[in-house]
Amino acid sequence: MEGSADKTFENKANEIEKLFLLHENIVSNDKAIITAQDVIQNRTKYSNSTIARAFIVLANIAYNKGDSSQAFQFALDGLSLSGLSDELKLNLILKITKGYYKELQFEEVLEHADLALKLTYGIEQVPTRIIALSYKAMALSTLGEPEKANTILNKIELLIQNNQFFEHISVLEILADAYLFQRDFQTAISLYNKVITLKFDRAQLINLGHTFLSLAKAYHSNVKLDDAYNAYWESRVHAGEYNLPIQAALADLGLGQVLYQQEKFTQAYKVLKEAYSALSKEDLVSSYLDTLIALAMTSEKVDSREQENWLAKAQKLAQGRTLTSEQIVVFKLLAEMSFKNEKFKEAYFYQARYLSLFQTHFPILKRTLAPKHTQKSSVSNNRQLVMKLSDHSDLSVNYETKFKKQEMLIFWLSFVLIIVLTVLIIIWVRRNRKTHEHYSGSTEFNGNTIASPNQTKQLYQFMFKMARKYQYPLTISYIVVENWNELAFHFDKKTVREVNNTLSTLISEYINEFDRAGKINDGEYILMCPHQHSKVIQSNLDKLAEALKVRFFANIGDFSVKIKYSCDMPSVQDIDPYLFLSRLSESHSKTSTKK
């Protein structure tokens, strides 16, 4: 019982290893979650390395499902384990960096990107070094240090040029996210579109909906509402295909916000309620708050009686939280609601809160919207470098795609060539097939099939030797049309062919299941009957001769066909099969003549 349990733990550890080695963008199924959770819950049975891999698998799945906060927590839990290799630490630190990046905590991004860089130099991980440098460059750029960012982007370009293998997609998504935050929407849109193209080319479709979601946000922020709606819709479709409820809810939130701006309030309210229903079950506070605010704004246009309910929930959730520039509108809405209800003191409080937060966010917005004149050159250089990197990705992936297509073409041509060669070999083998298998005594001829002269020779030698080796009786019968040459002279080829066919057909009819018949020359045949005595076979030969007489009378009229036949069994003294056959052919015991 104990051995069985140990085997189960070993199997699960192996399964975690396989899941860990998969590309992070394609791990997304319930079985993987159950396996990883089971390893973590029974952590005393596994090494810390296996447990860390389980946390990494869970983090990958959470990111793929759109739950970045949960993924961030899994990565933190994994990094808390002791005795991990540098490779595992690097993997976990990059996931933590990604979590901070998604939450726009760029000081933390810088710190963890530097930690990751130190590890990459220790273990020569160039692809992950490029990703860590991308995080650092974009964090510096966002924090208002474009000159430093420019230096790092130059390093990235150099590394990309000198290394064929790196995560083009991951790097471009990092760059695109930064430009989205910096409100350079056109650059972000260009980068996201290139990422989508790359994902299609590489068939990384599970994670494609996330990129459509980001692209939709860029279009939305750039007030390209139709494009935003289409991108949100694509994200929603992909979420449905791959069973990603969080992504579906976030796409619904975006669709509802766009519909609101398009003044399609009833449709917006319906879609936002679906987003609310899904997000209320998840630990995504920021997105949940966005949904409540959108519902409050939309309900005012559809059913104002519900607005107060949505605002109350939003106000409770917003307390004690750091709000984004878009979320501070909740206090403006609360002020308006309080004023409408003649609660002027509350209205004043909420309005003051809104103005205070607006003044806090305004310098950040101003900086991202209009960089200082002294930084414009560096910002422009950054953008040019980023677009150059994206172009390089296109070229690299196009080359990779072309190379893969050539590989596939070579594979299929090789496959077709192998098939053709196989068919030719089969045809050749069938034409030159040997008549026996070495020990089984079976042949390739059915009992009612006349062997060709070449096959007859092989078959006769084989059966003769087997009978001598295992000392069982073997009767050999010899049948010949003695005046065959005369027949061939008097009749045309068609008639001669018919005579040949008649002989073959009748011989086939008068032999038993285990007997074998073969042709030596035109008009000359032998029958091989293992385990049978010549007396029994002689009777069959007589019947065969009578049948031939009747058949030939119908076919060739008055011509006399002389058929001679004899049969005998080789004795112990008969060593050479051909000497025995020669003697048999010269001692015709019977003659049947058609007159």
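Residues numbered from 1 in each chain as written. Predicted model: local features only at pLDDT ≥ 70, side-chain atom pairs only at ≥ 80, totals over all residues. Heavy atoms only, no water.

## So, the confidence of the model for the protein
Part 1: Mean pLDDT over the protein stands at 79; residues scoring 70 or higher make up 79%.
Part 2: Of the regions scoring below 50 in pLDDT, residues 369-378 engages in 8 contacts with residues more than four places distant in sequence or in other chains.
Part 3: Predicted confidence is poor over residues 434-447, with pLDDT under 50, and the contacts of this stretch with residues over four places away or in other chains come to 30 contacts. (pLDDT = per-residue confidence, 0-100. Contact = heavy atoms within 4.5 Å.)

## What to know about the packing of helix α11 (residues 208-221) against helix α12 (residues 225-241)
Part 1: As a packed pair, α11 and α12 sit with axes 8 Å apart at the nearest point and diverge in direction by 165°. Classed by the angle they form, the pair α11 and α12 counts as roughly antiparallel. As α11 runs across α12, the sense of the crossing is left-handed. Across the interface between the two elements, Leu 208, Gly 209, Phe 212, Leu 213, Leu 215, Ala 216, Lys 217, Tyr 219 and His 220 of α11 pack against Leu 225, Asp 227, Ala 228, Ala 231, Tyr 232, Glu 234, Ser 235 and His 238 of α12.
Part 2: Per-class residue counts for the contact of α11 with α12 are 10 nonpolar, 4 polar and 3 charged. (Axes fitted to C-alpha atoms, helices over the stretch in contact; angles between N-to-C directions. Helix = DSSP H or I, 4+ residues; strand = E, 2+ residues; numbered from the N terminus. Parallel < 35°, antiparallel > 145°, perpendicular 65-115°, else oblique. Left-handed = near helix turned anticlockwise from the far one by under 90°. Nonpolar A, V, L, I, M, F, W, Y, C, P; charged D, E, K, R; others polar.)

## Structural notes on the environment of Gln 327
Part 1: Within the secondary structure layout, Gln 327 lies in the loop between α16 (307-318) and α17 (329-340).
Part 2: C-alpha separation for the pair Gln 327 and Ala 294, spaced 33 residues apart in sequence, amounts to 9.8 Å.
Part 3: Leave out the neighbours within four places in its chain, and Gln 327 touches Ser 286, Leu 289, Asp 290, Ile 293 and Thr 322.
Part 4: In terms of polar contacts, Gln 327 uses its side chain to reach the side chain of Asp 290, at 2.9 Å. (Polar contact = N/O pair within 3.5 Å; in protein donor to acceptor, adjacent residues only side chain to side chain.)

## Regarding helix α3 (residues 48-64)
Part 1: With 17 residues, α3 ought to run about 24 Å at 1.5 Å a step, and its terminal C-alpha atoms sit 24 Å apart, in line with that.
Part 2: Burial within α3 is extensive, with 15 of its 17 residues counted as buried.
Part 3: Backbone geometry just after α3 places Gly 66 at a positive phi near 90°. (Expected span 1.5 Å × (residues − 1). Buried < 20%, exposed > 50% of the residue type's maximum accessible area, 1.4 Å probe, protein only.)

## What about the pairing of strand β2 (residues 474-481)?
Part 1: Of all 8 residues in β2, 8 are buried, a share of seventy percent or more.
Part 2: Covered by surrounding structure in β2 are Leu 474, Ile 476, Tyr 478 and Val 480 together with Thr 475, Ser 477, Ile 479 and Val 481, the residues of both alternating faces.
Part 3: With 6 bridges connecting them, β2 and strand β5 (residues 561-568) associate as antiparallel partners. Considered in β5, the bridge of Val 481 is made with Ile 563. (Pairing = 2+ DSSP bridges.)

## Let's talk about the side chain of Arg 53
Part 1: Take Arg 53: it is sitting in helix α3.
Part 2: Taking the relative accessible area as the measure of exposure, Arg 53 reaches 18% and is therefore buried.
Part 3: Here Arg 53 is in contact with Ile 16, Glu 17, Phe 20 and Leu 88, once residues within four sequence places are set aside.

## Points about the nonpolar core
Part 1: Tyr 101, Tyr 135, Met 138, Leu 215, Leu 323, Val 330 and Phe 331 are the most contacted members of the largest nonpolar core, which totals 123 residues.
Part 2: Per-element accounting of this core gives the leading share, 11 residues, to α3.
Part 3: Residue contacts for Val 330: discarding those within four places in its chain leaves Ile 293, Leu 311, Ala 314, Gln 315, Ala 318 and Leu 323.
Part 4: Counting residues in each nonpolar core, the second largest holds 26 residues, with Ile 479, Ile 537, Ile 563 and Tyr 565 among its members. (Core = buried A, V, L, I, M, F, W, Y, C linked by side-chain atoms within 4.5 Å.)

## Describing helix α13 (residues 245-261)
Part 1: With 17 residues, α13 ought to run about 24 Å at 1.5 Å a step, and its terminal C-alpha atoms sit 25 Å apart, in line with that.
Part 2: Here α13 lies mainly inside the structure; 13 of its 17 residues are buried.
Part 3: Among the residues trailing α13, Glu 263 stands out with phi positive, at a value near 65°.

## With respect to the state of the cysteines
Part 1: Taken as a whole and assessed by the stated rule, the structure comprises 0 disulfides.
Part 2: No disulfide involves Cys 529; its nearest neighbouring cysteine sulfur is the one of Cys 567, lying 8.4 Å away.
Part 3: Judged by its relative accessible area of 2%, Cys 529 falls in the buried class. (Disulfide = S-S within 2.5 Å.)

## Remarks on the pattern of salt bridges
Part 1: All chains considered together, the criterion is met by 12 salt bridges.
Part 2: A salt bridge links Lys 273 to Glu 306, with the nearest nitrogen and oxygen atoms 3.9 Å apart. With Lys 273 in helix α14 (residues 265-279) and Glu 306 in the loop between α15 (285-302) and α16, this pair connects stretches of sequence that are 33 residues apart.
Part 3: For Lys 273, a relative accessible area of 35% corresponds to the partly exposed category.
Part 4: The class of Glu 306 is partly exposed, set by a relative accessible area of 26%.
Part 5: Residue Lys 332 is joined to Glu 336 by a salt bridge in which the shortest nitrogen-to-oxygen separation is 3.0 Å. Placement of both Lys 332 and Glu 336 in helix α17 is noted, with a separation of 4 residues, approximately one turn of the helix.
Part 6: You can call Glu 336 partly exposed: its relative accessible area is 37%. (Salt bridge = Lys/Arg side-chain N within 4 Å of Asp/Glu carboxyl O.)

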